[in-house]
Amino acid sequence: MHPSAFFLPTFLEAVRTNTEESLASFHVDDSEVTLNVCLGKQFSGGELYFRGIRCENHVNSETQHEEMYDYSHVPGRAVLHRGRHRHGARPTTSGLRMNLLLWCRSSVFREMKRYQKDFSSWCGECQREKRERQIQCVKATKLAFLRGGGGGMI
Ligand SMILES: O=C(O)CCC(=O)C(=O)O
Ligand SMILES: [Fe+2]
């Protein structure tokens, strides 16, 4: 599919500076994909911290250790992340930080999501729950097998 068919519409959210930093506390974006371009030249701090991708149902669930990821901005470079990737920005400790944020939305993806119940292909918590269900299922099957006397056949 042509990218322009998938991401409609794309728009500019804001250029954030130090003074707007309260906006960047822990959140998910109302986008499918966000492009964050670092325009500041000299600053320190302002790192992004990512804490796992979540569907609407699991946005407040715990973070698994392996989902923790921190990113330090590099002037002139951009980071592209999923809008549903929970994230925030640490305070700028010196200088002026400016970031250009592009929120890219997909009406196709949003329409498809309305008919789906299982988001385990991208939500970390749906994945964890699915694994847990599988483990419980294997345990129950083993137990039923052993209770049925099948254990002697191994
Ligand atoms: O860089 C910031 O201050 C905000 C970052 C953010 O929220 C984003 O990349 O979506
Ligand atoms: Fe954001």
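Keep in mind it's a predicted model, so treat the numbers as computed, not measured. (Residues numbered from 1 in each chain as written. Chains lettered and ligands numbered in written order. Predicted model: local features only at pLDDT ≥ 70, side-chain atom pairs only at ≥ 80, totals over all residues.)

K.L.:
For this particular structure, what's the right way to read the overall build of the protein?
P.N.:
Looking only at helices and strands, the protein has three helices and nine strands in total. For the protein, the succession of helices and strands along the chain, N to C, is α-β-β-β-β-β-β-β-β-β-α-α. Residues classed as buried in the protein amount to 19% of the 154 residues present. Counted over contacts in the protein with a minimum sequence separation of 6, partners at least 24 positions apart contribute 87%. (Helix = DSSP H or I, 4+ residues; strand = E, 2+ residues; numbered from the N terminus. Buried ≥ 20, exposed ≤ 12 C-beta atoms within 10 Å, placed from the backbone. Contact = placed C-beta atoms within 7 Å.)

K.L.:
Quick question: what am I supposed to make of the environment of Ser-25 here?
P.N.:
The topology assignment puts Ser-25 in the loop between strand S1 (10-16) and strand S2 (33-38). Under the C-beta neighbour-count criterion, Ser-25 is labelled exposed, with 9 such atoms within 10 Å. For the pair Ser-25 and Phe-50, spaced 25 residues apart in sequence, the C-alpha to C-alpha distance is 11 Å.

K.L.:
I'm lost on the nonpolar core in this one. Help?
P.N.:
Considering soluble globular proteins, one finds that nonpolar side chains tend to be buried as a cluster. If you look at the biggest cluster of nonpolar residues, it comprises five residues: Ile-53, Cys-55, Phe-119, Cys-123 and Cys-126. Every residue in contact with Ile-53, bar those within four places of it in the chain, is listed here: Arg-82, Arg-84, His-85, Trp-122, Cys-123 and Gly-124. (Core = buried A, V, L, I, M, F, W, Y, C linked by C-beta atoms within 7 Å.)

K.L.:
Hey, could you run me through the environment of Phe-26 in this one?
P.N.:
Residue placement: Phe-26 occurs in the loop between S1 and S2. Between the C-alpha atoms of Phe-26 and Gly-88, which are 62 residues apart in sequence, the distance is 4.2 Å. Not counting chain neighbours up to four residues away, the residues in contact with Phe-26 comprise Arg-86 and Gly-88.

K.L.:
Would you take a moment to explain the pairing of strand S7 (residues 85-89) for this structure?
P.N.:
Consecutive residues of a regular strand have side chains that alternate between opposite faces of the sheet. A large share of S7 lies buried, amounting to four of its five residues. Bridge count for strand S4 (residues 48-53) against S7 is four bridges, and the pairing is antiparallel. The residue bridging Ile-53 from the neighbouring strand is His-85, located in S7. (Pairing = 2+ DSSP bridges.)

K.L.:
Looking at this model, I keep getting lost on helix H3 (residues 124-147). Mind explaining?
P.N.:
Along an α-helix, a turn takes 3.6 residues, which lines up residues three or four apart on a common side. Counted at 1.5 Å a residue, the expected span for H3 with its 24 residues is 34 Å, and the 35 Å between its end C-alpha atoms agrees. All of the buried residues along H3 are Gly-124, Glu-125 and Cys-126. Elements in contact with the buried residues of H3: S4. (Expected span 1.5 Å × (residues − 1).)

K.L.:
Would you take a moment to explain the environment of Val-28 for this structure?
P.N.:
Within the secondary structure, Val-28 is located in the loop between S1 and S2. Taking C-alpha positions, Val-28 is 18 Å from Ala-78, a pair spaced 50 residues apart along the chain. With sequence-adjacent residues up to four places away left out, Val-28 is seen in contact with Arg-54, Val-59, Gly-83, Arg-84 and Arg-86.

K.L.:
How should the sheet that holds S7 be read in this particular structure?
P.N.:
Across a sheet, strands are paired by hydrogen bonds formed along the backbone, either parallel or antiparallel in direction. Within the open sheet, the three strands sit side by side as S5-S4-S7. Their pairing is antiparallel. Lying at the two open borders of the sheet, with one neighbouring strand each, are strand S5 (68-71) and S7. When strand polarity is set aside, the average angle formed by the axes of neighbouring strands in this sheet is 25°. (Axes fitted to C-alpha atoms, helices over the stretch in contact; angles between N-to-C directions.)

K.L.:
Would you mind showing me how to read the confidence of the model for the protein here?
P.N.:
Interpretation of this model should avoid reading the predicted coordinates in detail wherever pLDDT is low. With 81% of its residues at a pLDDT of 70 or more, the protein shows a mean pLDDT of 86. With pLDDT under 50 throughout, residues 1-5 is counted as low confidence; its partners more than four residues away or in other chains account for one contact. Confidence metrics for the complex model read pTM 0.82 and ipTM 0.97. (pLDDT = per-residue confidence, 0-100.)

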